[in-house]
Amino acid sequence: MEAVFNAIQKSAKRIKEAIDTKDVGYSASQNSSGETQLELDIKCDMIIEEEFSKIEAVNTIASEEKEKENILHEDGRYFIAYDPLDGSSLIDVNLSVGSIFGIYDKGFGANRLVAAAYVVYGPRVEMVFAKDDVRLYLLQNGEFEFVKSVTLKEKGKLMAPGGTQQHWANYHKSMIDGFFKEGYRLRYSGGMVPDLHQILLKGGGLFSYPGTTDKPKGKLRRLFEVFPFAYVYTKAGGYATDGKNDILSLGFDGIHDTTPCFFGSKYETDRVKEVYSQNG
Ligand code: AFP
């Protein structure tokens, strides 16, 4: 695991350099979700693949940017699913973006997660690594330095409601309105890494990306985005649900499968479960 942790750090430093130096142009290819890939997405994907290729413990990698998984070392135990540059459409407006990693043992699946990590490229570069607990690191003078362990409070103050409101279910809209009536403040940038990072570091709240009439299975991908953040939030003392089930109990159909998802502290996620068990 130490080697995987180091590879993530090396990748993050190289990605930060690529973000700072590379021209952002559009490539001709499309990823499996049909989005036009930014050259930078491809560059970041290659960086991570290169770093994991050097580690014998890494059996297979699956990238949000590639249609299929890729076997690296048949005798390795770790299966790693990653989103190399989540929120990359925010780069050209200079908002924060991130990389997400789910580290799975001997095969993919939420119940096989043994660690998860993400990196935020913002005014500063920070990394959160979750294994037994959740730890925050800051990139300073070329090295990631441990800052502190992170835990969520029982109840927070921030609300990050994703998905097109026009397509929300009525009960979902009433639930979100209810939180705002209780005094929650809106914090939504359109990048799940900085949005979830903010809620985590400020002690709690709710990030939601529900199933909607246009996207009944939500937008966010299970293996690359949802399972890793569910692991981080759960280890920090919070919870992640698809509305009814614990995210970490879910299966998946294909590596690009998506799911509705809600991440937060206990108070807010209990409310989600209550509302969704009575509706939908
Ligand atoms: P991009 O990588 O295409 O910018 O998408 C980012 C993302 O997957 C995730 O980071 C956000 O939480 C979510 O999309 C935002 O989606 P909406 O634009 O529908 O709110």
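So, here is what we can say about the structure in this document. Quick caveat: nothing in here was measured; it's all calculated off a predicted structure. (Residues numbered from 1 in each chain as written. Predicted model: local features only at pLDDT ≥ 70, side-chain atom pairs only at ≥ 80, totals over all residues. Heavy atoms only, no water.)

What to know about the sheet that holds strand β6 (residues 97–105)
Under the convention used in this document: At least two DSSP bridges between two strands are required for those strands to pair. To qualify as a helix, a DSSP run of H or I must reach at least 4 residues; to qualify as a strand, a run of E must reach at least 2; elements of each kind are numbered from the N terminus. Should any heavy atoms of two residues lie within 4.5 Å, those residues are considered in contact. Axis definition: a line fitted to C-alpha atoms, limited for helices to the stretch in contact. Angles are taken between N-to-C directions and run from 0 to 180 degrees.
Strand order across the open sheet formed by eight strands is β4-β3-β5-β6-β7-β8-β9-β10, with mixed pairing between neighbours. The sheet is open, and its two borders are formed by β4 (70–71) and β10 (143–149), each paired with just one other strand. Along the sheet face, helix α1 (residues 2–21) touches β3 (58–63), β5 (78–86), β6, β7 (113–121), β8 (125–130), β9 (134–140) and β10 and points at about 20 degrees away from the line of β7.

Comments concerning a positive patch on the surface
Definition in use: In this analysis, a patch consists of residues with relative accessible area above 30% that form no salt bridge, clustered at 9 Å for like charges and at 5 Å for the nonpolar side chains Val, Leu, Ile, Met, Phe, Trp and Tyr. The protein chains shown are the only cover counted for residues, whose accessible areas, like all others here, come from Shrake-Rupley with a 1.4 Å probe. In what follows, salt bridge is the name for a side-chain nitrogen of Lys or Arg lying within 4 Å of a carboxyl oxygen of Asp or Glu. Neither His nor the chain ends is counted toward charge; the positive residues are Lys and Arg and the negative residues Asp and Glu. Think of each charge as sitting on NZ of Lys, CZ of Arg, CG of Asp or CD of Glu. When accessible area is computed with a 1.4 Å probe and restricted to protein chains, residues below 20% of their type maximum are described as buried, those above 50% as exposed, and intermediate ones as partly exposed.
Residues Lys153, Lys155, Lys157, Arg185, Arg187 and Lys202 make up a contiguous surface patch of positive charge. Take arginine 187: it is sitting in the loop between β12 (185–186) and α4 (192–201). For arginine 187, a relative accessible area of 31% gives the class partly exposed.

Looking at the site of the ligand
Note the threshold: Whether a residue is near a molecule or strand depends on its heavy atoms: it is near if one of them lies within 4 Å of it. Counted as a polar contact is a pair of N or O atoms within 3.5 Å, where, for protein atoms, one must be capable of donating a hydrogen and the other of accepting one, and residues adjacent in sequence contribute only when both atoms are in side chains. Ten residue types, Ala, Val, Leu, Ile, Met, Phe, Trp, Tyr, Cys and Pro, are classed as nonpolar, four, Asp, Glu, Lys and Arg, as charged, and the remainder, Gly among them, as polar.
With respect to spatial proximity, 13 residues lie near the ligand, and among them Asp86, Ser89, Tyr188, Met192 and Tyr209 are the closest. The separation between an oxygen atom of the ligand and a polar main-chain atom of methionine 192 is 2.8 Å. One of the side-chain N or O atoms of lysine 219 is found 2.8 Å from an oxygen atom in the ligand. For the ligand, whose unbound accessible area comes to 480 Å², protein coverage reaches 79%. Counted by class, the shell around the ligand contains five nonpolar, five polar and three charged residues.

Regarding the packing of aromatic side chains
This is how the line gets drawn: When two rings of Phe, Tyr or Trp (its six-membered ring) have centres within 6.5 Å they constitute a pair, described as stacked for plane angles under 30 degrees, edge-to-face for angles over 60, and tilted for the intermediate range. Should the NZ of a Lys or the CZ of an Arg lie within 6 Å of a ring centre and within 35 degrees of the ring normal, that charge is described as sitting over the ring.
On inspection of all chains with the given rule, the structure shows 16 aromatic pairs. For the ring pair tyrosine 104 and phenylalanine 108, a centre distance of 5.5 Å and an interplane angle of 75 degrees mean the geometry is edge-to-face. We classify tyrosine 104 as buried; its relative accessible area is 0%. Exposure remark for phenylalanine 108: the relative accessible area of 12% places this residue in the buried category. Through a chain of ring-to-ring contacts, three or more aromatic side chains come together here, namely Tyr118, Tyr188, Phe207, Phe229, Tyr233 and Phe263. When the ring centre of phenylalanine 179 is taken as reference, the NZ or CZ atom of arginine 271 above it lies at 4.9 Å. The ring of tyrosine 239 carries lysine 273 above its face, with NZ or CZ at 4.1 Å from the centroid.

Everything listed here is a matter of coordinates, which is why it stays silent on function.
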